[in-house]
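Listed below are the residues making up each chain.
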Amino acid sequence: MAGNTFGNLFKVATFGESHGVAIGGVLDGCPAGIEIDLDAIQTELNRRKPGQSKIVTQRKEPDEVEFFSGIFEGKTTGTPIGFAIRNTNQKSHDYSHIKDSYRPSHADYVYDKKYGFRDYRGGGRSSARETASRVVAGAIAKQFLSNIKINAYVSQVGELKLNKNYTELNLADTELNPVRCPDQDMAAKMETYIKDIKKQGDTIGGVITCVLQNVPIGLGEPAFDKLHAELGKAMLSINAVKGFEYGSGFSGVAMKGSAHNDQFNTDGTTKTNFSGGIQGGISNGMDIYFNVAFKPVATIIQPYETIDKDGNMVKTQGKGRHDPCVVPRAVPIVEAMAALVLADYTLINNSIRE
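All figures in this text were calculated on a predicted structure; none of them were measured in a lab.

1. Describing the pattern of salt bridges
Where charged atoms from two side chains of opposite charge approach closely, those side chains can pair. Counted according to the given criterion, the structure contains 14 salt bridges. We note a salt bridge from Arg 47 to Glu 335, for which the minimum N-O separation is 2.9 Å. Here Arg 47 is found in helix H1 (residues 38–48), whereas its partner Glu 335 is found in helix H7 (residues 327–353), with 288 residues between them in sequence. One salt bridge in this structure joins Glu 175 and Arg 180, with 3.0 Å as the shortest N-O distance. What makes Glu 175 partly exposed here is its relative accessible area of 39%. Classification of Arg 180 by relative accessible area gives buried; the value is 5%. The network of salt bridges with shared partners includes Glu 44, Arg 47, Lys 142, Glu 175, Arg 180 and Glu 335.

As structure tokens, then:
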């Protein structure tokens, strides 16, 4: 199976399955001498872990990370950083009913057709549990990028949309509620809505907005390795993501060029930022901001029809522990993937200058 490594110079390879002994990864390319705050890494994992509130999956995992290499006396050594997170609360029997059938809109069918074999327990390798390893690597990347601020938050759940620009919000308030929306009134509405969806045995999608500040000028290349292209790839590699837009995004098509152009100030900054901090594929020093759309979770706790491995129509029902809405737990994953991209492109930029 290919596609388990992300990045060029600052790169992470992940391993493990949802119901296996452990998940983990190897982070390669992190420079030596970076001070590492292990508590900060665990805090990032705690933001992503299951069972943290009533509006997420109730699988109880401590998600405590163990490091095996690459860190000595609180600093990176420049060698590969190996780590693992043990699975402790698997309930594999919850998936025995889909051993020979495929859940609609899951990876089950295509996985089986591609490899001729699949781990049906929680989706195996295609499970979103794999993203915990990304959060560990991203937390290290954040510490490498200590001068850059990376903040994501939930801006939409279903039709409940926060119609405020990030500049109007206090992003420090994001962690004050389980939805991770910095507007407390909207957060309360979203939380009530998600709880109602959960009672129905259904799921709902949402949008996460991410803001990257203090990014230096010059990250990214003008052709295939555009910064926004790599950010898009990173976000679209996250489970359940269906869309990515940066800057003015799709709303920009309704604007005239005279209004959309970001006019310069004398210091090289711009009066507006419809470009989203990236021009010609290269960061321009302004804030980078983008939206990531997540679909409703495919597993619904309702009866449904599907097909089995022999092509017969069968009736079944979703079981197990699942998120009614993934976006609250996906906020740290979005931040982690953004950090990995910025760390990688920082090293690439440094190598070019050398």
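2. With respect to the side chain of Thr 174
Secondary-structure assignment places Thr 174 in the loop between strand E9 (160–161) and helix H4 (184–199). Exposure remark for Thr 174: the relative accessible area of 4% places this residue in the buried category. Thr 174 has contacts with Ala 152, Tyr 153, Arg 180, Cys 181 and Pro 182, leaving out every residue within four places of it along the chain.

3. A short note on the sheet that holds strand E1 (residues 5–6)
Each strand in a sheet pairs with another by means of backbone hydrogen bonds, the pair being arranged parallel or else antiparallel. The strand order across the open sheet built from 5 strands is E1-E2-E3-E7-E4, with neighbouring strands paired in antiparallel fashion. Every other strand in the sheet has two partners, leaving E1 and strand E4 (65–67) as the edge strands with one partner each. Of the pairings in the sheet, the one linking strand E3 (residues 22–28) to strand E7 (residues 81–86) comprises 6 bridges and is antiparallel in character. Residue pairing across strands places Ala 22 opposite Arg 86, the latter belonging to E7. Contacting E4 and E7, H1 runs over the sheet at an angle of about 145° to E4. Sheet contacts for helix H3 (residues 131–144): strand E2 (11–16), E3, E4 and E7; angle to E7, the most-contacted strand, approximately 140°.

4. Details of the sheet that holds strand E11 (residues 241–246)
Spatial ordering of the open sheet is given by E9-E8-E10-E14-E11, a layout of 5 strands whose pairing is antiparallel. Both outer strands of the open sheet, E9 and E11, are each paired with one neighbouring strand and no more. As defined by bridge partners, strand E8 (residues 149–157) adjoins strand E10 (residues 206–213) across 8 bridges and the pair is classed as antiparallel. The residue of E10 that forms the bridge with Lys 149 is Gln 213.

5. Comments concerning the nonpolar core
Note that soluble globular proteins tend to have their nonpolar side chains buried in a common cluster. Counting residues in each nonpolar core, the largest one holds 81 residues, and the members touching the most others are Leu 212, Leu 231, Met 235, Phe 290, Phe 294 and Val 334. Per-element tally for this core: the top contributor is H7, with 16 residues.

6. Some remarks on helix H2 (residues 108–115)
Among the residues making up H2, those that are buried are Asp 108, Tyr 111 and Asp 112. For H2, the angular spread of the buried residues around the axis is 95°, confining them to a single face. Turned more than 90 degrees from where H2 packs its buried face, Val 110, Lys 113 and Lys 114 sit exposed. One or two positions beyond H2, positive phi appears at Gly 116, with a value near 75°.

Rules used throughout
Residues numbered from 1 in each chain as written. Predicted model: local features only at pLDDT ≥ 70, side-chain atom pairs only at ≥ 80, totals over all residues. Heavy atoms only, no water. Salt bridge = Lys/Arg side-chain N within 4 Å of Asp/Glu carboxyl O. Helix = DSSP H or I, 4+ residues; strand = E, 2+ residues; numbered from the N terminus. Buried < 20%, exposed > 50% of the residue type's maximum accessible area, 1.4 Å probe, protein only. Contact = heavy atoms within 4.5 Å. Pairing = 2+ DSSP bridges. Axes fitted to C-alpha atoms, helices over the stretch in contact; angles between N-to-C directions. Core = buried A, V, L, I, M, F, W, Y, C linked by side-chain atoms within 4.5 Å. Arc of directions from axis to C-beta.

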